[in-house]
Amino acid sequence: MIILGNLQLEWLDLYLIHWPICAKPGKFSFPIDAEELMPLNLKGVWEAMEECQRLGLTRAIGVSNFSIKKLENLLSFATIPPAVNQVEMNLAWQQKNLRDFCKANDIIITAFSPLRKGASRGPNEAMDNDVVKDIAVAHGKSSAQVCLRWLYEQVVTFVPKSYNKERMNQNLQIFDWSLTEEDYAKISQIKQQRLISGPTKPQLKNLYDEEN
Ligand SMILES: NC(=O)c1ccc[n+]([C@@H]2O[C@H](COP(=O)([O-])OP(=O)(O)OC[C@H]3O[C@@H](n4cnc5c(N)ncnc54)[C@H](OP(=O)(O)O)[C@@H]3O)[C@@H](O)[C@H]2O)c1
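Within each chain, residue numbers correspond to sequence positions counted from 1 in written order. In keeping with the model being predicted, local features are shown solely for residues with a pLDDT of at least 70 and side-chain atom pairs are shown and tallied solely at 80 or more, while totals for entire chains, interfaces and linings include all residues. Side-chain metrics rest on all non-hydrogen atoms present in the structure, leaving aside hydrogens and water.

### Some remarks on the overall build of the chain
Logical step 1: Per the convention used, a helix needs a DSSP run of H or I reaching at least four residues, while a strand needs a run of E reaching at least two, with both numbered from the N terminus. Counting its secondary structure elements, the chain contains eight helices and seven strands.
Logical step 2: Radius of gyration: over C-alpha atoms. The globule rule applied is 2.2 Å multiplied by the number of residues raised to the 0.38 power. Against the globule reference of 17 Å for 212 residues, the chain gives a C-alpha radius of gyration of 19 Å, in line with a compact fold.
Logical step 3: We call a residue buried when its accessible area falls under 20% of the maximum for its residue type, exposed when it is over 50%, and partly exposed in between, using a 1.4 Å probe and counting protein chains only. When each of the 212 residues of the chain is scored for burial, the buried share is 42%.
Logical step 4: Only the protein chains shown count as covering a residue, and every accessible area follows the Shrake-Rupley method with a 1.4 Å probe. Carbon and sulfur atoms form 54% of the exposed surface of the chain, whose accessible area is close to 12,500 Å².
Logical step 5: Note on charges: Lys and Arg go in the positive column, Asp and Glu in the negative column, and His and the chain ends are not counted at all. Charge coordinates come from a single atom per side chain, which is NZ of Lys, CZ of Arg, CG of Asp or CD of Glu. Charged side chains in the chain number 24 positive and 25 negative. The centres of these two groups are separated by 3 Å.

### Some words on the environment of alanine 23
Logical step 1: Mapped onto the fold, alanine 23 is located in strand E2 (residues 22-23).
Logical step 2: On the accessibility criterion, alanine 23 (30% relative accessible area) is partly exposed.
Logical step 3: Alanine 23 sits 102 residues away from glutamate 125 along the chain, and the two C-alpha atoms are 31 Å apart.
Logical step 4: The residues touching alanine 23, leaving out its near neighbours within four places in the chain, are Ile32, Glu36, Leu37 and Met38. Contacts were defined at the residue level, with two residues in contact if any of their heavy atoms lie within 4.5 Å.

### Structural notes on the side chain of glutamate 50
Logical step 1: Note on placement: glutamate 50 falls in helix H2 (residues 42-54).
Logical step 2: Buried within the structure, glutamate 50 lacks any salt-bridge partner; arginine 54 is the closest side chain of opposite charge, at an N-O distance of 4.1 Å.
Logical step 3: The term polar contact refers here to a pair of N or O atoms within 3.5 Å; inside protein, the definition further demands a hydrogen-donor-capable atom paired with an acceptor-capable atom, and it admits residues adjacent in sequence only when both atoms are side-chain atoms. At 2.7 Å, the side chain of glutamate 50 and the backbone nitrogen of isoleucine 80 are in polar contact.
Logical step 4: Those residues in contact with glutamate 50 that sit more than four places away from it in its chain are Ile61, Ala78, Thr79 and Ile80. Any Lys or Arg side-chain nitrogen found within 4 Å of a carboxyl oxygen on Asp or Glu counts as a salt bridge.

### Things to note about the packing of helix H3 (residues 68-77) against helix H4 (residues 96-104)
Logical step 1: Axes, fitted as lines to C-alpha atoms, cover a helix only where it is in contact. Angles between the N-to-C directions of the axes lie from 0 to 180 degrees. The geometry of H3 relative to H4 is characterised by a closest axis approach of 10 Å and an angle of 20° between their N-to-C directions. With respect to their mutual orientation, H3 and H4 come out roughly parallel. Helix-helix and strand crossings are classified by hand; for H3 and H4 the assignment is left-handed. Between H3, through Ile68, Leu71, Glu72 and Leu75, and H4, the contact on the second element is made entirely by Asn97, Leu98, Phe101 and Cys102. Under this scheme an angle from 65 to 115 degrees is roughly perpendicular, one under 35 degrees roughly parallel, and one over 145 degrees roughly antiparallel; angles in between are oblique. By definition, turning the near helix anticlockwise from the far helix through less than a right angle yields a left-handed crossing, and turning it clockwise yields a right-handed one.

### Structural notes on the pairing of strand E6 (residues 108-112)
Logical step 1: Judged by how many residues are buried, E6 sits mostly within the fold: four of five residues are covered.
Logical step 2: Note that strand E5 (residues 84-88) and E6 share five bridges and pair parallel. Following the sheet pairing, valine 87 is matched in E6 by alanine 111.
Logical step 3: Crossover handedness is defined here as right-handed if the route from the first strand over the helix to the second strand goes clockwise, with the strands pointing away from the viewer. Traced from E5 through H4 to E6, the parallel crossover comes out right-handed. Here, any two strands with at least 2 DSSP bridges between them count as paired.

### Re the environment of tyrosine 184
Logical step 1: The topology assignment puts tyrosine 184 in helix H8 (residues 181-187).
Logical step 2: Each C-alpha atom of the pair tyrosine 184 and methionine 89 lies 16 Å from the other, and the pair is 95 residues apart in sequence.
Logical step 3: Tyrosine 184 has contacts with Trp150, Glu153, Gln154 and Leu179, leaving out every residue within four places of it along the chain.
Logical step 4: A polar atom in the side chain of tyrosine 184 sits 3.1 Å from the side chain of glutamine 154.

### What to know about the packing of aromatic side chains
Logical step 1: Note on ring pairs: Phe, Tyr and Trp rings are taken, using the six-membered ring of Trp, and paired if centres are within 6.5 Å. Classes follow the plane angle, with under 30 degrees stacked, over 60 edge-to-face and the rest tilted. Under the criterion given, the structure shown has one aromatic pair.
Logical step 2: With a centroid separation of 5.0 Å and 80° between ring planes, the pair formed by tyrosine 152 and phenylalanine 175 is classed as edge-to-face. Within this pair, whereas tyrosine 152 is found in helix H6 (residues 143-153), its partner phenylalanine 175 is found in the loop between helix H7 (165-172) and H8, the two being separated by 23 residues in sequence.
Logical step 3: In this structure tyrosine 152 comes out as partly exposed when scored by relative accessible area, which is 37%.

### Some thoughts on H3
Logical step 1: Regarding H3, the residues found buried are Ile68, Lys70, Leu71 and Leu74. Viewed end-on, H3 has its buried residues packed into an arc of 160°, placing them on one side of the element. Exposed and oriented more than 90 degrees from the buried face of H3 are Lys69 and Ser76.
Logical step 2: Where H3 is buried, its residues contact H2, strand E4 (58-64), E5 and H4. The arc in question is the one spanned by the directions pointing from the helix axis to the C-beta atoms.

Spatial relationships are all this shows, so hold off on functional conclusions.
Put into structure tokens, the structure is as follows:
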């Protein structure tokens, strides 16, 4: 209710759990220190999310940064399954197993960092990858368009971010062409590495992180 008041909305379309972790309330340091972490009561949190949907405060509920293992756990007790899992997904972190799992369980994936670009994001193995650049040249498209077209062809949703009108328009021009089998063969060779490992300090990564 407080969130809706702050947003001046009567309901949300979609309400997500941002990370499968729990920090002590009150102090909001980032990244989160080890001593700030508490065990996550996922069942309790999800029951509250379900109640929000039943009360009409949100049309749908979902999660973000959930692995297959965490989704399996959630699905074992959820009475309303998550509609969406928002995760890092791009040509350099393709997450095929997670895509297959979500498809089989009717969970829509939203790919964040679909272009994997930004000063704090480290080397860009998606847009700056030679394979992606070659495919872009062959189609007369930009590397960004190749990245977004690939996601579109995986039937996942995605949230590219740009403050530039020209690039926003460019990012919409992905619907009248397609990647070829040859492109896919090249794409399968791109080195895979997760970029965003979470809001905790690196040494805490193993507390919540699993492959896919
Ligand atoms: N759920 C989560 O835990 C989580 C984590 C991270 C991010 N997200 C969300 O994901 C969304 C996007 O993620 P992101 O910002 O990390 O990554 P992104 O959308 O992959 O990349 C954004 C960067 O790409 C540039 N860009 C956009 N279009 C371009 C184009 N056509 N050519 C060249 N550069 C282009 C933008 O610069 P310009 O503005 O200069 O165009 C910006 O620097 C955000 O809404 C964010 O909130 C969610």
